[in-house]
Amino acid sequence: MNDRIFVTGLLIHAHHGVMDHEEKVGQRFVLDLELAIDLTDAARSDKLADTVSYSSIVETAGKAFTARSYRLVEAAAGAVADAILTTFPAVASVRVTVRKPHAPISAIFGDVGVVLVRSRRD
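These notes cover the structure that comes with them. Source: prediction; values computed, not measured. (Residues numbered from 1 in each chain as written. Predicted model: local features only at pLDDT ≥ 70, side-chain atom pairs only at ≥ 80, totals over all residues. Heavy atoms only, no water.)

Assigned secondary structure in the chain consists of four helices and four strands. Along its sequence from the N terminus, the chain presents helices and strands in the succession β-α-β-α-α-α-β-β. Here the C-alpha coordinates of the chain stretch approximately 50 × 25 × 25 Å along the principal axes. Within the span of the chain, comprising 122 residues, buried residues form 42% of the whole. Pairs at least 24 apart in sequence give 62% of the contacts found in the chain among residues at least 6 apart. A distance of 3 Å separates the average location of the 14 positive side-chain charges in the chain from that of its 15 negative side-chain charges. (Helix = DSSP H or I, 4+ residues; strand = E, 2+ residues; numbered from the N terminus. Buried < 20%, exposed > 50% of the residue type's maximum accessible area, 1.4 Å probe, protein only. Contact = heavy atoms within 4.5 Å. Lys, Arg positive; Asp, Glu negative; His and termini not counted. Charge placed at Lys NZ, Arg CZ, Asp CG, Glu CD.)

Take a look at the structure:
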């Protein structure tokens, strides 16, 4: 399937990380979401009922990402992927990128994070 819906640059404040201050104070994360979905009907009908709304995607991802505190962004990304696949039956697979721009690393860096891909076949 080549059709995709995407949301990029979703800023979410959450309390994920292995350091004590990350869990207490929290920090900003940046999420990119890409959903594989057949958009043939939506392209023909021009009806929201034949696709998944961006606002529903953002709401689902935000709730899953902030529902609890995770030590690893891998686990937080997994929660988002699971929520997307559970909430939207038409989605065949999802790619979740989580960037942690303020990771407590003793280095100058542009970005760190994870990319997780899940499908209904997993």
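Alright, that's what it looks like, and here's the rest.
Between its terminal C-alpha atoms helix α3 (residues 54-66) stretches 18 Å, which fits the 18 Å expected from 13 residues at 1.5 Å a residue. Those residues of α3 that fall on the buried side of the exposure criterion are Ile 57, Thr 60, Ala 61, Gly 62, Ala 64 and Phe 65. On its buried face, α3 is in contact with β1 (4-14), β2 (27-37), α4 (73-87) and β3 (91-99). (Expected span 1.5 Å × (residues − 1).)

The strand order across the open sheet formed by four strands is β1-β2-β3-β4, and the pairing between neighbours is antiparallel. The open sheet has two free edges, formed respectively by β1 and β4 (113-119), since each of these has just one partner strand. Neighbouring strand axes in the sheet, compared pairwise and without regard to direction, differ in orientation by 15° on average. The pairing of β1 with β2 spans nine bridges and is antiparallel. Residue pairing for β2: Val 7 is matched across the bridge by Leu 33. Contacts from α3 reach β1, β2 and β3, with the element oriented near 40° to β1. Along the sheet, α4 contacts β2, β3 and β4; its crossing angle with β3, the most-contacted strand, is approximately 155°. (Pairing = 2+ DSSP bridges. Axes fitted to C-alpha atoms, helices over the stretch in contact; angles between N-to-C directions.)

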